[in-house]
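What follows is the residue order along each chain.
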Amino acid sequence: MKKDGGLFGNQKTGLAVLLLILLIGGYFFLMPKAPSPISATPTPQAKCLDPINTIYGMDVVEAELNTLDVSGDEFNELGKYGFPKRVFARLPAYPQDLDGKLNDFKSLRITLENVSSDYYKQPEFYSNFKTAGIPLMENYPTNQHAAFGYGTYPSEYIVTTGANAEFNVYFLIRADWGVVNYQGIRLFPSIPREITSLRNSFADGSRKVVQDPTYLNCHMKILEITPSEILLEPAYPAFSPGWAKKVKLSIKTGDIKPGKYALGLDIGGPSDAFNDKMYEKFGGRYVTGGGFGTDSPWLMLYIEVK
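If you're wondering where the values come from, they're calculated on a predicted model, not measured in any experiment. (Residues numbered from 1 in each chain as written. Predicted model: local features only at pLDDT ≥ 70, side-chain atom pairs only at ≥ 80, totals over all residues. Heavy atoms only, no water.)

What follows concerns the overall build of the chain. Within the chain, the secondary structure is distributed over seven helices and 16 strands. Going through the 306 residues of the chain one by one, you find that 54% of them count as buried. Restricting the contact set of the chain to residue pairs at least 6 apart, pairs at least 24 apart contribute 79%. Surface summary for the chain: the accessible area is close to 13000 Å², and the carbon and sulfur share equals 50%. (Helix = DSSP H or I, 4+ residues; strand = E, 2+ residues; numbered from the N terminus. Buried < 20%, exposed > 50% of the residue type's maximum accessible area, 1.4 Å probe, protein only. Contact = heavy atoms within 4.5 Å. Areas by Shrake-Rupley, 256 points an atom, 1.4 Å probe, with all protein chains shown as cover.)

Have a look at this one:
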């Protein structure tokens, strides 16, 4: 698992186990990264390549192509990066001011609350699409595929607040590059006893938080995770409309003493009801998230109460 970028170059991506059957054997990992608002940090990524025919008895890439609601010779014509136009056909129209929006985000002039899906569904919104995503898509293995993998962005925030206060935080979660399956995940709170920020620091320059999880659980509440159960759609062989989604996290502090705290979100499998519905719709193309971990929660809030 790896994290990169500076204040706005950190995304978290899961441990994508890419089982590549090469002449020399071995493994291959892709990890994306990206920006963050309030005073933040993004996250790395996950992926798993499995032999297509062994796992499904079918060519899942062809199966996904057959589900695309795009037809006509124009979608087979080459577009940007030398890919067929169908690769991006189901995404919103590419915003000409995408670079400006990213600069506003990185400079904290706007938060993710003010970034619409026209922007965050573009793979170029994520800093390692050109360095990791495009190379994988250009040389995608013909006899294996990325079965699962996802990442969060940002993965860290520094928040300054007070007692008896409420605030919202937004972050993005997306399928990793090359993933061909539909993935179901659930987000749930995680309170570490001790953790150190990898990218950001508090106002005094410190990064480490040591806390009593029981005390924090009694004096700081997550009021809302919207949505808490999520379906991530495939990012290959074409980007699906639901490959990236925005999540809202609402938090309330109670009668809490001044200090530094850390509150995170982890990822697990969805409810049985959610899984049953998705299995019925997607069959063997649906997989559940969780099951592989990182060195910290997928989203980490470092909170200083004044």
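After that view, the rundown keeps rolling.
With that settled, consider helix H7 (residues 272-282). Looking at H7, one finds that the buried residues are Phe274, Asn275, Met278 and Phe282. The arc enclosing the buried residues of H7, seen along the axis, measures out at 95°, which places them on a common side. Within H7, the exposed residues directed more than 90 degrees away from the buried face are Asp272, Ala273, Asp276, Lys277 and Glu280. Looking at the buried side of H7, the elements it contacts are strand E8 (182-190), strand E12 (229-232) and strand E15 (286-288). At the C-terminal side of H7, Gly283 shows a positive phi close to 60°. (Arc of directions from axis to C-beta.)

To continue, consider the packing of aromatic side chains. In this structure the tally under the stated criterion is 22 aromatic pairs. Between Phe202 and Tyr302 the ring centres are 6.4 Å apart and the planes differ by 80°, which places this aromatic pair in the edge-to-face class. Within this pair, whereas Phe202 is found in the loop between strand E9 (194-196) and strand E10 (208-210), its partner Tyr302 is found in strand E16 (residues 299-305), the two being separated by 100 residues in sequence. In this pair, the class of Phe202 matches that of Tyr302, namely buried. One aromatic cluster is present, formed by Tyr81, Phe83, Phe88, Phe105, Phe125, Tyr126, Phe129, Tyr153, Trp177, Phe239 and Trp243 through successive ring pairs. (Phe/Tyr/Trp six-rings, centres within 6.5 Å; stacked < 30°, edge-to-face > 60°.)

A few words now on the nonpolar core. Judged by nonpolar contacts, the single largest core of 60 residues is most densely connected at Phe125, Tyr126 and Phe239. With seven residues, the top contributor of residues to this core is strand E7 (residues 166-175). Judged by nonpolar contacts, the second largest core, of seven residues, contains Ile195, Val209, Ala262 and Met300. (Core = buried A, V, L, I, M, F, W, Y, C linked by side-chain atoms within 4.5 Å.)

Time to look at the pairing of E7. Most of E7 is tucked away: eight of the ten residues are buried. Across four bridges, the pairing between strand E5 (residues 150-153) and E7 is antiparallel. Looking at the pairing, Tyr150 lines up with Ala175 of E7. Alignment of E7 against strand E13 (residues 244-253), held across nine bridges, turns out to be antiparallel. (Pairing = 2+ DSSP bridges.)

In this section: the confidence of the model for the chain. The share of residues in the chain with pLDDT of 70 or more is 74%, and the mean pLDDT across the chain is 81. Here residues 1-9 scores under 50 on pLDDT; set against residues more than four positions off or in separate chains, the count is 47 contacts. For the stretch residues 15-58, pLDDT sits under 50, and the model shows 229 contacts to residues farther than four places along the chain or on other chains. (pLDDT = per-residue confidence, 0-100.)

Bringing the pattern of salt bridges into the picture now. What the rule picks out here adds up to six salt bridges. Between Lys80 and Glu124 there is a salt bridge; the shortest N-O distance is 3.0 Å. Residue Lys80 is located in the loop between helix H2 (60-67) and helix H3 (98-106), and its partner Glu124 is located in the loop between helix H4 (117-120) and helix H5 (129-138); the two are separated by 44 residues in the primary sequence. Between Lys306 and Glu304 there is a salt bridge whose closest N-O contact spans 3.6 Å. Look at Lys306 and you get exposed, because its relative accessible area is 59%. The exposure class of Glu304 is buried, given its relative accessible area of 13%. (Salt bridge = Lys/Arg side-chain N within 4 Å of Asp/Glu carboxyl O.)

So, on to the side chain of Thr161. For Thr161, the position within the fold is in strand E6 (residues 156-161). Beyond its immediate stretch of four places on either side in the chain, Thr161 contacts Phe167, Thr253, Ile303, Glu304, Val305 and Lys306.

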